[in-house]
Amino acid sequence: MLSQWHYAFSVGLLALYLLILARWHGGRSPRVVSGPADFAFLTFGLGGLVLFGPIGQALAKIFFVRPNALDWLALASGMTLAALLVSRRAWRRLLVYHVDAATLERALDDILTHAAGRFVRTIHGFEDPVQRRGIRVEASSRWMTASIEAYGHEPERMIQMLEGRLEDRLRTMVPPASKVGGLFLVGSALTLLLAIGGWLLTQPQTLAMLRGLLERLPGG
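Residues numbered from 1 in each chain as written. Predicted model: local features only at pLDDT ≥ 70, side-chain atom pairs only at ≥ 80, totals over all residues. Heavy atoms only, no water.

## Considering the pattern of salt bridges
Taken as a whole, this structure holds eight salt bridges when the rule is applied. Measuring nitrogen to oxygen at the nearest pair gives 3.3 Å for the salt bridge that ties Arg157 to Glu154. Judged by its relative accessible area of 38%, Glu154 is partly exposed. Between Glu167 and Arg171 there is a salt bridge, and its shortest N-O distance comes to 3.7 Å. It is possible to trace a salt-bridge network through shared partners that takes in Arg89, Arg93 and Glu149. (Salt bridge = Lys/Arg side-chain N within 4 Å of Asp/Glu carboxyl O. Buried < 20%, exposed > 50% of the residue type's maximum accessible area, 1.4 Å probe, protein only.)

## A closer look at the packing of aromatic side chains
Within this structure, the stated rule accounts for three aromatic pairs. Judged by centre distance (5.3 Å) and plane angle (90°), the rings of Trp24 and Phe41 are edge-to-face. Placement of the pair is Trp24 in helix H1 (residues 4-25) and Phe41 in helix H2 (residues 35-52), with a sequence separation of 17 residues. Take Phe41: its relative accessible area is 29%, and that puts it in the partly exposed class. Between the aromatic rings of Trp24 and Tyr97, the centroid separation amounts to 4.9 Å while the plane-to-plane angle is 40°, which identifies the pairing as tilted. (Phe/Tyr/Trp six-rings, centres within 6.5 Å; stacked < 30°, edge-to-face > 60°. Helix = DSSP H or I, 4+ residues; strand = E, 2+ residues; numbered from the N terminus.)

## Regarding the side chain of Ser34
The residue Ser34 is located in strand E1 (residues 31-34) in this model. Excluding residues that lie within four positions of it along the chain, Ser34 makes contacts with Arg93, Leu94 and Glu163. (Contact = heavy atoms within 4.5 Å.)

## Details of the side chain of Asp100
Here Asp100 is to be found in the loop between strand E2 (93-97) and helix H5 (101-114). The charged side chain of Asp100 is buried without a salt bridge, its nearest counter-charge being Arg106 at 5.5 Å. When neighbours within four sequence positions are excluded, Asp100 is seen to be in contact with Met144, Pro175 and Pro176. (Lys, Arg positive; Asp, Glu negative; His and termini not counted.)

## What about H2?
Look at H2: 25 Å from first C-alpha to last across 18 residues, which is about the 26 Å you get at 1.5 Å a residue. In the structure, H2 departs most strongly from a straight axis at Leu46, where the bend amounts to approximately 45°. Buried within H2 we find Gly35, Asp38, Gly45, Gly48, Leu51 and Phe52. (Expected span 1.5 Å × (residues − 1). Bend = angle between axes of the 7 residues up to and from the residue.)

In structure tokens form, the structure reads like this:
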């Protein structure tokens, strides 16, 4: 069973992550986030639920039987190491929030036209057939989010070059209005409210008050 600080830590991190997403989607211009940073924020937001949820609870009982604070820290370190190994592809990726496909395509076309090499438009993005490198672009019109992944020759170096230029280019562009930021903001608030409500229902004083209220109702 989760202790109160386990519960508060898990829900608090998730609410904060949703608030960060709301901020990224609520700006005046698109927000460019590097792959490692985006993965770190995602791990930060969901890590508490994974660590103190059913999976983490089961692992803690298997390895430590009765885990203490140091045991939980060791388990968190192990999960962090596993997450770092899984995130290797993140170093070749950029995430763009609060952007539509047309705006992103114009910005990429402008950048890659003036970049070294000869990039041509492909079905999935842009490619330089001479140097055998390119980028794949996936955009979601519903969530106003896009993923850019480099491949071929020195993909990490290419994505680093693209990150700064894309950020500068998108700063001058105004994307269409989006309600996604508001949805994440509401989600963050609801997460906190549900967490507080769930915690209150576990308190003996709250249960006694509810029991007394029900007894006062007609037919109670």
